[in-house]
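Close look at the chain arrangement
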Amino acid sequence: KAAGFAAEATAFQRPVLLPEDLHQILDLGINLVHVSHPSDVVLLEDMARSRGCCLRISLRVANESPRLSLLGFMSRRLGLSPGDALAAARSVVSSSHLRLTGINFYVGTQQRSPAGFARAFRSAMALAARIYAELGTPVEEVNLGGGIPSTSLYRATPLDLVFGRQPRGIPDVATARLEAFCRSLSELFVQAARRAGLATRPGLAAEPGRSVAGNAGVLITRVRAIKGNWAFLDASRNYLAESPLLLKRKVVCAARPMERTTRTYHLSGATLNTTDVMDFRRRLPPLEVGDALALADAGAYSLARASRYAGLAPAAYLVGRDGVIRIIRPAETVRELGGARIPV
Ligand SMILES: Cc1ncc(COP(=O)(O)O)c(C=O)c1O
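Everything numeric here is computed off the predicted structure, so don't read it as measured data.

Describing the packing of aromatic side chains
Within this structure, the stated rule accounts for 5 aromatic pairs. Judged by centre distance (6.4 Å) and plane angle (85 degrees), the ring pair of F117 and F181 falls under edge-to-face. Residue F117 is located in the loop between β4 (98–104) and α5 (118–135), and its partner F181 is located in helix α7 (residues 175–195); the two are separated by 64 residues in the primary sequence. Here F117 matches F181 in class, with each residue buried. Aromatic side chains W230 and F232 sit 6.3 Å apart centroid to centroid with 10 degrees between the ring planes, which places their arrangement in the stacked category. Under the relative-accessibility criterion, W230 is labelled partly exposed at 27%. By way of ring pairs, the aromatic residues F105, F117, F121, F181 and F189 are connected into one cluster.

Put into structure tokens, the structure is as follows:
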């Protein structure tokens, strides 16, 4: 609400729905809820009945794609099977307090190509067709969740890890690529609707995360020490929390020509802790202590996920359209860290 999103354009999604959370979101005027378990429908029906309101329901279907990557595996952990989704649709349609609005899924973050959504589109459309055939209710919306990639991030494959392969040049930020990606997505979506024989095509909705916020942030850090192939930075993974084994970002040395990447470095955070390794085997120009490095794609899942295990939150700056850099959040201080404690 504070960020300016209208309650009616917001969907509530949690792996486990709890009455206390639902009361809060209903009080805020949010009335679209994603259902990922058959028992959710019973709870929502009871809630809507007791409050005398009508709730819109979107069915979260499980991701069926048999991808070998760890991220693909993780993205299959939540959602209804096709059989459970149809049963849930029956219960929703038979309730006078619930309205079936959509089908949603999540194929996993940072998809490499629009084709990664094709199977999920086909399954969603097949389900929509069955719901229409059996219950006479058209599905208004298919929500693909996230997964539209940030164009400054590379998703590593298991083979990259096994053979220590490096991404061949992470593409530069290019809006045109993102537009092309989304155009292909909409073509795949239309094809899937046509194949399923749907008379009325549902709308396509998305909840983009990385593709919107990833490129918006850059982490600036300095080299504090160099020991062999290791460069130790004054940044830490506590505010760029993603695993370098899964996702790779562009690293640029501000003061040195990036055409001369003659050295390979492992980048470590300030603690040297195992989980504080920020990257492996980066080709960079020869570095010196004091060099500034820019780590791209620090806008998504960074400060919002930051922990304090390896240091305090850094200052955040905004580069204005006028080129002026303004501080928008001061760095956290030790005093603030201690201040939150209750004296005993
Ligand atoms: C349901 C849902 N929608 C959207 C997103 C945003 O995903 P991404 O940053 O990959 O676009 C997520 C991320 O976990 C999600 O779980």
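Picking up where we left off.
Structural notes on unusual backbone geometry
Despite not being glycine, Q110 has its phi angle at roughly 50 degrees, a positive value. Even without a glycine there, the phi angle at Y301 is positive, about 50 degrees. Mapped onto the fold, Y301 is located in the loop between β14 (292–295) and β15 (316–319). By relative accessible area, which is 35% here, Y301 ends up partly exposed.

Observations regarding the site of the ligand
Taken together, Q13, R60, Y106, T109, G145, G146, G147, E207, P208, G209, R210 and Y301 make up the full set of residues near the ligand. For the ligand, an oxygen atom lies 3.0 Å from a polar atom in the backbone of G147. At 2.9 Å from an oxygen atom of the ligand is found a main-chain nitrogen or oxygen belonging to R210. Considered on its own, the ligand offers 400 Å² of accessible surface; in the complex 80% of this is hidden by protein. Here the shell around the ligand is composed, by residue class, of 3 nonpolar, 6 polar and 3 charged.

Comments concerning the packing of helix α4 (residues 82–94) against α5
At a closest axis distance of 10 Å, the pairing of α4 and α5 adopts a crossing angle of 40 degrees. With respect to α5, the element α4 is oriented oblique. The handedness of the crossing between α4 and α5 comes out as right-handed. Together, P82, A85, L86, A89, R90 and V93 of α4 and L127, R130, I131, E134 and L135 of α5 make up the contact between the two elements. Classifying every residue of the contact of α4 with α5 by side-chain character gives 8 nonpolar, no polar and 3 charged.

As for the sheet that holds strand β2 (residues 32–35)
Here we have 6 strands laid out as an open sheet, ordered β1-β2-β3-β4-β5-β7, and parallel in their pairing. Looking along the sheet, the strands with just one partner apiece sit at the ends: β1 (11–12) and β7 (203–205). Pairing geometry for β4 and strand β5 (residues 141–143), over 3 bridges, is parallel. Paired with N104 across the bridge in β5 is N143. Packing against the sheet, α4 makes contact with β3 (55–60) and β4, and its axis sits at approximately 155 degrees to β4.

Remarks on the domain arrangement of the chain
With domains assigned, the chain is organised as domain 1 (7–213) and domain 2 (217–338). On a C-alpha basis, the centroid separation for the pair domain 1 and domain 2 is 33 Å.

Brief notes about the side chain of K248
The topology assignment puts K248 in strand β10 (residues 247–249). Judged by relative accessible area, which is 6%, K248 ranks as buried. For K248, the side chain forms a polar contact with the side chain of D279, separated by 3.2 Å.

Conventions we followed
Residues numbered from 1 in each chain as written. Predicted model: local features only at pLDDT ≥ 70, side-chain atom pairs only at ≥ 80, totals over all residues. Heavy atoms only, no water. Phe/Tyr/Trp six-rings, centres within 6.5 Å; stacked < 30°, edge-to-face > 60°. Helix = DSSP H or I, 4+ residues; strand = E, 2+ residues; numbered from the N terminus. Buried < 20%, exposed > 50% of the residue type's maximum accessible area, 1.4 Å probe, protein only. Near = heavy atom within 4 Å. Polar contact = N/O pair within 3.5 Å; in protein donor to acceptor, adjacent residues only side chain to side chain. Areas by Shrake-Rupley, 256 points an atom, 1.4 Å probe, with all protein chains shown as cover. Nonpolar A, V, L, I, M, F, W, Y, C, P; charged D, E, K, R; others polar. Axes fitted to C-alpha atoms, helices over the stretch in contact; angles between N-to-C directions. Parallel < 35°, antiparallel > 145°, perpendicular 65-115°, else oblique. Left-handed = near helix turned anticlockwise from the far one by under 90°. Contact = heavy atoms within 4.5 Å. Pairing = 2+ DSSP bridges. Domains from an automatic or database assignment.

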